[in-house]
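If you want the building blocks of each chain, they are given just below.
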Amino acid sequence: MPAKATHATPAGRDAVYDRRARQGSVPVEFHFDDGSTLDGALILTTAELERLYAQTSRLLDAHERALGGTP
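Please read these numbers as outputs of a predicted model, since none were measured by experiment. (Residues numbered from 1 in each chain as written. Predicted model: local features only at pLDDT ≥ 70, side-chain atom pairs only at ≥ 80, totals over all residues. Heavy atoms only, no water.)

**Re the overall build of the protein chain**
Looking only at helices and strands, the protein chain has 1 helix and 4 strands in total. Starting at the N terminus and ending at the C terminus, the protein chain contains elements arranged as β-β-β-β-α. Its C-alpha radius of gyration of 15 Å places the protein chain more than 25% over the 11 Å reference for a compact globule of 71 residues. Across its three principal directions, the C-alpha atoms of the protein chain cover 45 × 35 × 20 Å. (Helix = DSSP H or I, 4+ residues; strand = E, 2+ residues; numbered from the N terminus. Rg over C-alpha atoms; globule rule 2.2 N^0.38 Å.)

Quick look at the structure:
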């Protein structure tokens, strides 16, 4: 039975925006339940980039509130 992906993490390289394709590419590393990893990319359209930005902004705000900040 093939290993199953458990999660993905940022790969530590910079994300890139392709103006011609109108999409962004975020390098990620996929982690599998057998301990192996595989490099890949999260490809996002402009709408998906905007949605991810809104979601990560909310996460950062929640993090600040949890630390006693004021956003």
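**Focus on the pairing of strand E3 (residues 23-32)**
Where strand E1 (residues 5-10) lies against E3, 5 bridges are found, and the strand directions are antiparallel. Bridge assignment links His7 to a residue of E3, and that residue is His31. Pairing of strand E2 (residues 16-18) with E3 involves 3 bridges; the strand directions are antiparallel. Directly across from Val16, in E3, lies its bridge partner Ser25. Hairpin geometry of E2 and E3 is characterised by an intervening segment of 4 residues between the two adjacent antiparallel strands and by a positive phi of about 55 degrees at Arg22. One ladder, built from 9 bridges, connects E3 with strand E4 (residues 37-45); its direction is antiparallel. For Glu29, the partnering residue across the bridge sits in E4 and is Asp39. (Pairing = 2+ DSSP bridges.)

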